[in-house]
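Each chain is listed here by its residues.
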Amino acid sequence: MQRFKTLLPQSRLSFRKLCSHRRAFTAQPNYVERDDDDNSQQQILVEGRVKSRAAILNRPSSLNALTTSMVARLKRLYDSWEENSDIGFVLMKGSGKAFCSGADVVRLYHSLNEGNAEEAEQFFKTLYSFVYLQGTYLKPHVAILDGMTMGCGSGISLPGMFRVATDKTIFSHPEAQIGFHPDAGASYLLSRLPGYLGEYLALTGDKLNGVEMVALRLATHYSLNARLAWLEERLGKLVTDDPSVVEASLAQYGDLVYPDRSSVLYRIDTIDRCFSHDTVEEIIEALEKEAAESYDQWCLTTLRRIREASPLSLKVILRSIREGRFETLDQCLVREYRVSLRGISKNVSSDFFEGVRARMVDKDFAPKWDPPSLKEVSEDMVESYFSPFNEVESELVLPTALREPYM
């Protein structure tokens, strides 16, 4: 474990300091169902505790994939709970075998194909606003990341104060495989991982388990799934708004864990050699050289994952992660909002639609990317994803004057 602590850049804030900030306050899902907005109360359940509230993501058949109405309800609840002096802290968890599998991209896919671009725009605006609220929340927050935690599922949880991983946790950002990009604050979080691990995870979609999340400080605590009921019972009895009291209870049911030798974290030197390059083409060339010299199957698997992804998305993602290193959370969200709306617009490419079709609708797993190769992705194409909107009112506006970002 000490090895991984030394990997954290000394010039940056640690994840515990970064995401556990203490402000002034002492298997693929089944997407067949198309929920109506008025079902949000059933899809986000609320449990009242002595001095706390719990928000429960409740679409287990869709692995708790997020819709606009779900995120809007979360934001309303969190706003009201923050203002309620009778509530000391807040907890979030998922029902079923997942915490949250990310956005309901199939719902977005169908909605966009039906001409409802405004609905998709509203989804991203609401989602990113909630991520910013979570990242600047005044009260202690506990996210129980039991099961699949993918895509924007990390965005609605990791910026909070406490994150509990378990032996069932699976963390990943597979957006490149569907012609999209890691969003909802991912360029902020991934860019602050040790070395160039963030680039690796974003470009390949590789998974981390709960132990690895703790080692990287993406999670603050680790608990076996079998102990969660006891942990939640203990938290439910707390009468406090003191983060140290909440943390002590989490530690009481926590476990001290270390990554095993098969973990990708033991490949950090190789990852840094290969993923530190300026372009995707150079990263691939470095991996090919590493594979030829080492005969390492991991290099070949990594190359395969990158080559299966959208070439345009790969270049957009690399730039996004690199820019995220030097930006605050709100700046990352504003930039990601531009990239997301450009990605679903079809003005430059239809890769998002093709990726979702191939992997989640028709499931032929044979996307026809456009452009089909990295060499055909021009700098102007990539630049178009990042340039400001022509109309100022189209930009994402976050309440930075009222809720100061913590970096």
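One structure accompanies this document, and this report is about it. (Residues numbered from 1 in each chain as written. Predicted model: local features only at pLDDT ≥ 70, side-chain atom pairs only at ≥ 80, totals over all residues. Heavy atoms only, no water.)

### Digging into the overall build of the protein
Definition in use: Numbering of helices and strands starts at the N terminus; helices are DSSP runs of H or I of at least 4 residues and strands are runs of E of at least 2. Only protein chains enter the accessibility calculation, which uses a 1.4 Å probe; a residue whose area is less than 20% of its type maximum is buried, one above 50% is exposed, and one in between is partly exposed. Only the protein chains shown count as cover for residues, and the accessible areas themselves come from Shrake-Rupley with a 1.4 Å probe.
When helices and strands are counted, the protein shows 19 helices and ten strands. Looking at the protein residue by residue over its 407 residues, the buried ones come to 60%. Within the structure as shown, the protein displays about 16,800 Å² of accessible surface, and the carbon and sulfur contribution to it stands at 49%.

### What about the sheet that holds strand β10 (residues 221-222)?
Stated precisely, the cut-off is as follows: Strand pairing is defined by DSSP finding a minimum of two bridges between the two strands. Throughout, a contact is declared for two residues whenever any of their heavy atoms are within 4.5 Å. Axis definition: a line fit to C-alpha positions, over the contact stretch in the case of helices; interaxial angles, taken between N-to-C directions, run 0 to 180 degrees.
Pairing within the open sheet is mixed, and its six strands lie in the order β1-β2-β3-β5-β7-β10. Only two strands of the sheet have a single partner each, and these edge strands are β1 (44-48) and β10. Sheet topology note: the β1/strand β2 (residues 52-57) ladder contains five bridges and is antiparallel. Within the sheet, the bridge partner assigned to Gly48 lies in β2 and is Arg53. Sheet strands in contact with helix α12 (residues 243-252) are β3 (89-94), β5 (141-145), β7 (162-165) and β10, and its direction is about 5° off that of β7.

### Topic: the nonpolar core
Applied cut-off: By convention a nonpolar core is built from buried Ala, Val, Leu, Ile, Met, Phe, Trp, Tyr and Cys residues, the set being connected through side-chain atoms within 4.5 Å.
In this structure, Leu66, Tyr78, Phe124, Leu127, Ile156, Leu197 and Phe275 are the most contacted members of the largest nonpolar core, which totals 98 residues. Considering every element that reaches this core, the biggest residue donor is helix α6 (residues 117-135), with nine residues. Ignoring any residue separated from it by four or fewer positions in sequence, one finds Phe124 in contact with Leu108, Phe180, Asp183, Tyr337, Ser340, Leu341 and Ile344. The next biggest cluster of nonpolar side chains, apart from the first, holds 14 residues, and it includes Ala54, Ile144, Met161 and Val164.

### Some remarks on the sheet that holds strand β4 (residues 98-100)
In space, the four strands of this open sheet follow the order β4-β6-β8-β9, with mixed pairing throughout. For this open sheet the edge positions go to β4 and β9 (208-209), each flanked by a neighbour on one side alone. As defined by bridge partners, β4 adjoins strand β6 (residues 148-150) across two bridges and the pair is classed as parallel. Paired with Cys100 across the two strands is Thr149, which belongs to β6.

### Describing helix α11 (residues 228-236)
To keep it simple, the criterion reads: As used here, the arc is the angular range of directions from the helix axis to the C-beta atoms.
Looking only at α11, the buried set comprises Leu228, Leu231, Glu232, Leu235 and Gly236. Axial view of α11: buried residues confined to an arc of 130°, hence all on one face. Residues of α11 that are exposed and point over 90 degrees away from its buried face: Ala229 and Trp230. Close packing links the buried residues of α11 with β2, β3, β5, β7 and α12.

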